[in-house]
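Descriptive structure summary
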Amino acid sequence: MEKFPTTNKKLIVWVNLMAKLCSPVRIVWINGSEEQKQLLENESVASGELIRLNQDKLPGCFLHRTAHDDVSRTEHLTFICTKKKRDAGPNNNWMSPAAAYRKAKTIFLNAMADRTMYVIPFSMGPVGSPFSKIGVELTDSRYVVLNMLIMTRCGQDVLKQLEAQPLQAGAGFTKCLHSKAKLDINKRMILHFPEDNTIWSVNSGYGGNVLLGKKCLSLRIASFVAKKEKWMAEHMLIMGIEEPNGHVEYVAAAFPSACGKTNLAMLVPPEGLKIKGYRIWTVGDDISWMRVDSDGSLWAINPETGFFGVAPGTNLKSNPNMMETIKKNTIYTNVLLKQDFTVWWEGADGEVPSEGIDWKGNPWKPNTLDAGGKVIKGAHANARFTAPIVNCPSASFRLEQHHGVPISAIIFGGRREHVAPLVYESFNWQHGIFVAATMGSELTAAQVGKLGQVRRDPMAMLPFCGYNMADYFKHWLNMGKLMVKPPKIFHVNWFRTDDSGGFLWPGFCENLRILEWILDRCNNKVTAVTTPIGYIPKPSDIDMTGITLSDGVLEKLLKVDKEEWLGELKGIRKFFADFKKDLPKELMGEYDALMERLKKYE
Ligand code: OXD
Ligand code: MN
């Protein structure tokens, strides 16, 4: 047996077994050192996996291009492999573990025959925190290693922690195996084996499919483990709101993709509120692990150490803090390369470059049409940057704290032109779960499906819940019983429109005005108006210093329309029907109660 830098027998046996399957030419253990990182960067530049960007303007930054058909998460090729199909639920693709291993083994067989296998020990959460979980990813991609070094805590410290872990429930590590293989979309599979604490991903090089610590471990596997261990793994940002008196309150928020989660997490207060003394502290933009601590409150950590954000549309207006964050030590994927070896994307600041190399590696000029008459984009619509959180000017000073931050409010949201008001508060924890379980977004022109049709995405977890969502709702209900003072639950909608389709609310940094009301409610500073769907603000309780909306707009934003909501209930009933008898009776009870309240509402 080859000498490995660990005494953990389970790890040694597993690495050898996987190496036997994949037949790499050599095995390299990632130790987390700067020297090893630089060596990998140099090798990647030499092999063409990375392009070194202009080091004066973008120090430590690189560009990577994926295969053209490997640019986003492939949900239809993503499976939850549990012994019983019922346990994966109607929300997941299912395969039996035996069939999945059998099929995948034929693809992994000798897949690394001409490559190095990298062993990446990583910790999701601060090393040694009771919140944290360890994973080990085996991969034949240097790009994966370099991204994991940004997104997670990797290396020797994690191996030491793994060796020090007592033999207790929840100890051990998630076994993550990845190979680019031939990047063949027809043999691409993202397999999760929650009962074996194992993830296998093959034939992809796209971040969401291959940085296995992220969606695969921290949401799909973690949600399954969290149910067993009585904690929560959620698709949520975490942000601290520093109030004028210097006190910081923390909220967690879940939105389906393309609703501005990352922008909200690092918002810069509008002038009107900045002079009052507000300031935002970013804990995380994508994933929240939450536990009931010894004080009976819900505490949260962000298990990641980086952002894997969407580039197009990111600019000084939408996210000034992110623009600062990605100036150094960042890996860009599928953006446009400019002549001076800096980068550009649609919706970036400044002038559109007159030429460059597009995300496919072809020479590019603005407004050039493809064979079908469509404008050729410089960056792919899902082009990304991977950047360390510590670069962010609003990074929280509590990122490394082992117990994280206490959560005062949980906020859910969607993109709704009508129906959902700007903000409302649920009556209690159970009602809040109904609000979250029924949340959704209207399809936009960018998505497949009927325009305006509502896609339900409970807790923004539909693609990420690693087990039957009916059991997940039950778990949320049970968690509420473990807390002395559960966080209040709110719903927001920044996207309500007027009759001509224009947005009624200015959004972006102005959203802090709504967060201020939410905190005022958490601290019992203001009363609210009771409606059938929950509590809404009195318009005078939203601080509008520095902006003016036309007469009646705030009232329109806060309106609860009886007929619209009765229509909404029909859609909810249809959605609940998918879970059949497994749906917790409490949620049907909330449905009936809402119906009754609406019938009486004028
Ligand atoms: C993400 C997603 O990339 O939710 O964070 O799709
Ligand atoms: Mn996400």
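What counts, and where the lines are drawn
Residues numbered from 1 in each chain as written. Chains lettered and ligands numbered in written order. Predicted model: local features only at pLDDT ≥ 70, side-chain atom pairs only at ≥ 80, totals over all residues. Heavy atoms only, no water. Core = buried A, V, L, I, M, F, W, Y, C linked by side-chain atoms within 4.5 Å. Buried < 20%, exposed > 50% of the residue type's maximum accessible area, 1.4 Å probe, protein only. Helix = DSSP H or I, 4+ residues; strand = E, 2+ residues; numbered from the N terminus. Near = heavy atom within 4 Å. Polar contact = N/O pair within 3.5 Å; in protein donor to acceptor, adjacent residues only side chain to side chain. Areas by Shrake-Rupley, 256 points an atom, 1.4 Å probe, with all protein chains shown as cover. Nonpolar A, V, L, I, M, F, W, Y, C, P; charged D, E, K, R; others polar. Contact = heavy atoms within 4.5 Å. Donors = N, O, S within 2.8 Å, 3.2 Å for Na, K, Ca; no water. Pairing = 2+ DSSP bridges.

1. Some remarks on the nonpolar core
With 154 residues, the main nonpolar core has Tyr332, Ile410, Phe412, Trp476 and Ile518 as its most contacted residues. If one sorts the elements of this core by residue count, helix H8 (residues 213-229) sits on top with 8 residues. Counting 37 residues, the second largest nonpolar core, distinct from the first, contains Val15, Met18, Ile134 and Leu177.

2. Considerations on the site of ligand 1
Every residue near ligand 1 is listed here: Arg73, Lys215, His235, Asp286, Arg384 and Phe464. Arg73 has a polar side-chain atom sitting 2.8 Å from an oxygen atom of ligand 1. Between an oxygen atom of ligand 1 and a side-chain N or O atom of His235, the distance comes to 3.2 Å. Notes on ligand 1: free accessible area 210 Å², of which the protein chains cover 84%. Considered class by class, the residues forming the shell around ligand 1 number 1 nonpolar, 1 polar and 4 charged.

3. Observations regarding the side chain of Thr66
The topology assignment puts Thr66 in the loop between strand E3 (62-64) and strand E4 (78-80). Of the polar contacts made by the side chain of Thr66, one reaches the backbone oxygen of Asp70; its length is 3.2 Å. Within the local environment of Thr66, its side chain forms a polar contact with the side chain of Asn334, the two groups lying 2.9 Å apart. In contact with Thr66, not counting residues within four places along its chain, are Val71, Gly205, Thr333 and Asn334.

4. Re the coordination of the manganese ion (ligand 2)
Distances from the manganese ion (ligand 2) to its protein donors, namely Lys215 (NZ), His235 (NE2) and Asp286 (OD), fall within the range 2.1 to 2.2 Å. Coordination of the manganese ion (ligand 2) draws on donor residues from a single chain, spaced K-x19-H-x50-D in sequence. Note that His235 is positioned in the loop between strand E12 (232-234) and strand E13 (237-242) and Asp286 in the loop between strand E15 (279-284) and strand E16 (288-292), a separation of 51 residues in sequence.

5. Re the sheet that holds strand E19 (residues 331-333)
Across the sheet, which stays open at both edges, the 5 strands sit in the order E2-E3-E19-E24-E18 with mixed pairing between neighbours. Edge strands, defined here as strands with exactly one partner in the open sheet, are strand E2 (51-52) and strand E18 (306-310). When E3 meets E19, the two strands line up parallel, connected through 3 bridges. Opposite Leu63, over in E19, you have Tyr332 as the bridge partner.

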